[in-house]
Each structure stands twice: as C-alpha cells, then as structure tokens.
Amino acid sequence: MIYITRKEHFSASHRLNNPKIGKKENEAIFGKCNEFHGHNYYLEVTLCGEPEQNSGYVFDLKKLSRIISKEILQKVDHKYLNEVEMFKGINPTTENMAGIFWKILNPKLKTKNARLYSVKIYETEKNIIEYRD
Ligand SMILES: [Zn+2]
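Just so it is clear, the structure is predicted and the values come from calculations on it, not from any experiment. (Residues numbered from 1 in each chain as written. Predicted model: local features only at pLDDT ≥ 70, side-chain atom pairs only at ≥ 80, totals over all residues.)

Counting secondary structure elements, the chain contains three helices and five strands. Starting at the N terminus and ending at the C terminus, the chain contains elements arranged as β-α-β-α-β-α-β-β. Principal-axis analysis of the C-alpha atoms places the extent of the chain at approximately 60 × 25 × 25 Å. Within the chain, the fraction of its 133 residues that count as buried is 22%. By sequence separation, contacts in the chain at least 24 residues apart represent 67% of the contacts at least 6 residues apart. (Helix = DSSP H or I, 4+ residues; strand = E, 2+ residues; numbered from the N terminus. Buried ≥ 20, exposed ≤ 12 C-beta atoms within 10 Å, placed from the backbone. Contact = placed C-beta atoms within 7 Å.)

Here is the structure:
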C-alpha cells in the first residue's frame, strides 16, 4: 500500500460558539476561542492505494490539488467559517472541519486503485487534528 499526501494552506477566521448553550457556558468551554479570531491552517489530504499501471501514479497530485482547491479552499480561504455554507449550524472546531472536509472529498477521490485515507488539519503548529474513516 502506498500513501500520497497533498498539503495545502488557507487562512480563515471563526469563533467557537455552540448556539444551543448559553453565553456563560460558551465562555467557560471555549475561553478566548469564543471570541472572533483567525488561523493560518495547513490541510493535508492523504490517499492510499496501488500505482495505476499506465501512469505509475496512485492518484495524480495535480488533479488532487485542483479538487482540494475547488471543493475546499475556494470556499474557506479568507472566509469567516461560522458563515460558510458547509458549516451552517455547526460549530467550526477543527474536529468538525476535518469531518466535513472528509465528507466532501471522499466521493471525489475514489478510483479503481485509490481511496481517501485521511484529512489532517494543522490549526496551529501544536494543534493537529486528523479524520480517518
Ligand atoms: Zn480558533
């Protein structure tokens, strides 16, 4: 099995806030993150599979980059995530972002010889969240 990864970057703002609970509780859970702020995110999308016979590629990385750009980056880069369509009604924690990115990308990345393996988001240098099926 071979694993291939495309790394991308985007910047976005958000505030962590659960609309189902009160202001005091949100402040207690999320602290400073309950306030409006931003991150320089890195996104790693990893596929696994076997090299295709003619190309020798598991998946064309240029094509992978185009798919990530169209499906994710164009919708989140320099945006306020709480108001982005894919996060409607969802608190945009990095955990929730990874799960939603997986759901969007997974059907686009299935081929005869490859499939999506993981979506990993670096929210900061020290906070890294990974979604795997
Ligand atoms: Zn944050």
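For the rest of this paragraph, the subject is the nonpolar core. Counting 22 residues, the largest nonpolar core has L43, A98, V119 and I121 as its most contacted members. Of all the elements in the fold, those that place two or more residues in this core are strand 1 (2-14), strand 2 (37-49), helix 2 (61-76), helix 3 (94-105) and strand 4 (114-122). Setting aside residues up to four positions removed in sequence, I121 forms contacts with Y41, L43, T94, M97, A98 and I129. (Core = buried A, V, L, I, M, F, W, Y, C linked by C-beta atoms within 7 Å.)

Quick look at the pairing of strand 2 now. The pairing of strand 1 with strand 2 spans 13 bridges and is antiparallel. The residue of strand 2 that forms the bridge with K7 is E44. Of the strand pairs in this sheet, strand 2 and strand 4 are connected by eight bridges, and their pairing is antiparallel. Note on strand 4: the bridge partner recorded for G49 is A114. (Pairing = 2+ DSSP bridges.)

Here we come to unusual backbone geometry. In terms of backbone geometry, most residues other than glycine have negative phi values and most peptide bonds are trans. If you check the backbone angles, H78 has positive phi at about 60° while not being a glycine. Judged by the 10 C-beta atoms lying within 10 Å of it, H78 falls in the exposed class.

Right, let's talk about the pairing of strand 5 (residues 128-132) for a bit. In terms of strand pairing, strand 4 meets strand 5 through five bridges, oriented antiparallel. From the neighbouring strand, V119 faces strand 5, where its bridge partner is Y131. What sits between strand 4 and strand 5 in their antiparallel hairpin is a turn of five residues.

This brings us to the sheet that holds strand 3 (residues 79-80). Strand order across the open sheet formed by five strands is 3-1-2-4-5, with mixed pairing between neighbours. The open sheet has two edge strands with one neighbour each: strand 3 and strand 5. Helix-sheet contacts for helix 2 involve strand 1, strand 2 and strand 3, and the interaxial angle to strand 1 is about 20°. Contacts between helix 3 and the sheet are confined to strand 2, strand 4 and strand 5, with strand 4 contributing the most and set at about 155° to the helix. (Axes fitted to C-alpha atoms, helices over the stretch in contact; angles between N-to-C directions.)

The subject of this paragraph is helix 3. It helps to recall that an α-helix has 3.6 residues per turn; residues three or four apart then point in one direction. Compared with an ideal rise of 1.5 Å per residue, which puts twelve residues at 16 Å, helix 3 spans 16 Å between its outermost C-alpha atoms and is within 8% of the ideal. If you check which residues of helix 3 are buried, you get T94, M97, A98 and F101. Considered in projection along helix 3, the buried side chains sweep an arc of 100° and stay on one side of the axis. Turning to helix 3, the residues buried within the fold contact helix 2, strand 4 and strand 5. (Expected span 1.5 Å × (residues − 1). Arc of directions from axis to C-beta.)

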